[in-house]
Amino acid sequence: MREGMPSRTARHVAAYRLGYPRIPSAVGDPEADDRLASDVAAGVEGERNPGMGRYLRFRTAFFDRVVVNGLDRGITQVAVLGAGYDGRALRYAKPGVRWFEVDHPATQGDKRDRMARLAITSPDLTFVAADLVHDDVAAALTAEGFAPDVPSLLLCEGLVVYLAPDVVATLLARLRSIAAAGTRLALSTRVPGADPVRRQHFAERVAGEGEPFALGDADVPAMLAAARWRPAELSEGAQRTGMVVGVPV
C-alpha cells in the first residue's frame, strides 16, 4: 500500500462486487452496503479481468455464507481484519451483534469519510485502526471492547496473501489468543488463477499498485496448526480456491 494512501486494490474489489448476487439474510441493510460500494467504485479505472471476476464472485459468496451461517447459529461478535471497503457490517447488521473492522488508518479513514458523506451509520460497528504488519491486532481489538471469551467470527478475506509468512504466523497466534470455543476463523490464502502466467501477471499488477503479494508458497495449514487452529472440512471448490476455516484447538 502506498504510504498514507487508501488501498487501491480494496477499491477495485468493491467495484468488482457491484452486481454480484449476495447471500440473502432476513436482517441488515444491503442498500447501504451497495451505496458505499458504488461510491468507492466511482472513478475506478482499468479493464476487468474475467478470471479475477469469477474468483471474487466465489470468494464473496464464500465469506457471505460464513457470516450468515455464523449469525444463524448465534454468533454475536464479528471482527473483519484488513476490512478495506467491506460492507458486511451494514449488509448483515443484526440486533445484538457487534462488528469490529481492523485496517490501516489511511484506508479506514477514507471509508469513514465516505460513510459520513453518504449519511450511512452503523452504531454496532467499531473501527480499529491498526497496522496489520507491526501492531498487535489482538491487543488493539480488546482495547476497543472485543470480548475474548465470546464465540466470534474472525474474517481475513483478501488479506494474508499480502503479508510475509512470519507476519501471518504471528497474526494467527494472536487471533488464537482471543478465540473462545465456538469461534471460526475464515481466510482466503491463495493468489487467484490456475494459469501460472496469468497469476504472475496479476501479481505484477497489484505490485504496481504498491501492494505486492508476500505470502508466496508458505504452508498456511502448518502455520494454522502451530497457532493451535484446526482446519474445518470444506467443499472441494472452496479448498481449490484457497479458502480455509479454522477452529480453535
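Residues numbered from 1 in each chain as written. Predicted model: local features only at pLDDT ≥ 70, side-chain atom pairs only at ≥ 80, totals over all residues. Heavy atoms only, no water.

A. How the structure looks around the sheet that holds strand S7 (residues 243–248). The strand order across the open sheet formed by 7 strands is S3-S2-S1-S4-S5-S7-S6, and the pairing between neighbours is mixed. Two strands in the sheet have a free side with no partner beyond their single neighbour: strand S3 (125–129) and strand S6 (229–231). On average, each strand axis in the sheet is inclined to that of its neighbour by 20 degrees, with strand direction left out of account. Inspection of the sheet shows strand S2 (residues 98–103) paired to S3 by 5 bridges, in the parallel sense. Bridge assignment links Trp 99 to a residue of S3, and that residue is Leu 125. (Pairing = 2+ DSSP bridges. Helix = DSSP H or I, 4+ residues; strand = E, 2+ residues; numbered from the N terminus. Axes fitted to C-alpha atoms, helices over the stretch in contact; angles between N-to-C directions.)

B. Structural view of the pairing of strand S1 (residues 77–81). With 5 of 5 residues buried, S1 is to be regarded as a mostly interior element. Side chains Gln 77, Ala 79 and Leu 81 project from S1 onto one buried face, and the interleaved Val 78 and Val 80 project onto a second face that is buried too. Both S1 and S2 contribute to a ladder of 5 bridges, which runs parallel. Across the sheet, Ala 79 pairs through a bridge with Phe 100, a residue of S2. (Buried < 20%, exposed > 50% of the residue type's maximum accessible area, 1.4 Å probe, protein only.)

C. Representation of helix H2 (residues 30–41). Along its 12 residues, H2 runs 16 Å from first to last C-alpha, staying within 8% of the 16 Å computed at 1.5 Å per residue. For H2, the elements touching its buried residues are helix H1 (8–17), helix H4 (88–91) and helix H5 (105–117). Of the residues trailing H2, Gly 43 is marked for its positive phi of about 85 degrees. (Expected span 1.5 Å × (residues − 1). Contact = heavy atoms within 4.5 Å.)

D. Representation of the nonpolar core within the structure. The biggest cluster of nonpolar side chains holds 37 residues, and the ones touching the most others in it are Val 78, Trp 99 and Leu 155. Looking at this core, the elements that each hand over two or more residues are H1, H2, helix H3 (50–72), S1, H4, S3, strand S4 (153–156) and S7. Ranked by residues supplied to this core, first place goes to H3 with 9 residues. Dropping the residues within four chain positions of it, Trp 99 is found in contact with Val 67, Leu 71, Val 78, Val 80, Arg 88, Ala 89, Tyr 92, Ala 93, Asp 124, Leu 125 and Thr 126. (Core = buried A, V, L, I, M, F, W, Y, C linked by side-chain atoms within 4.5 Å.)

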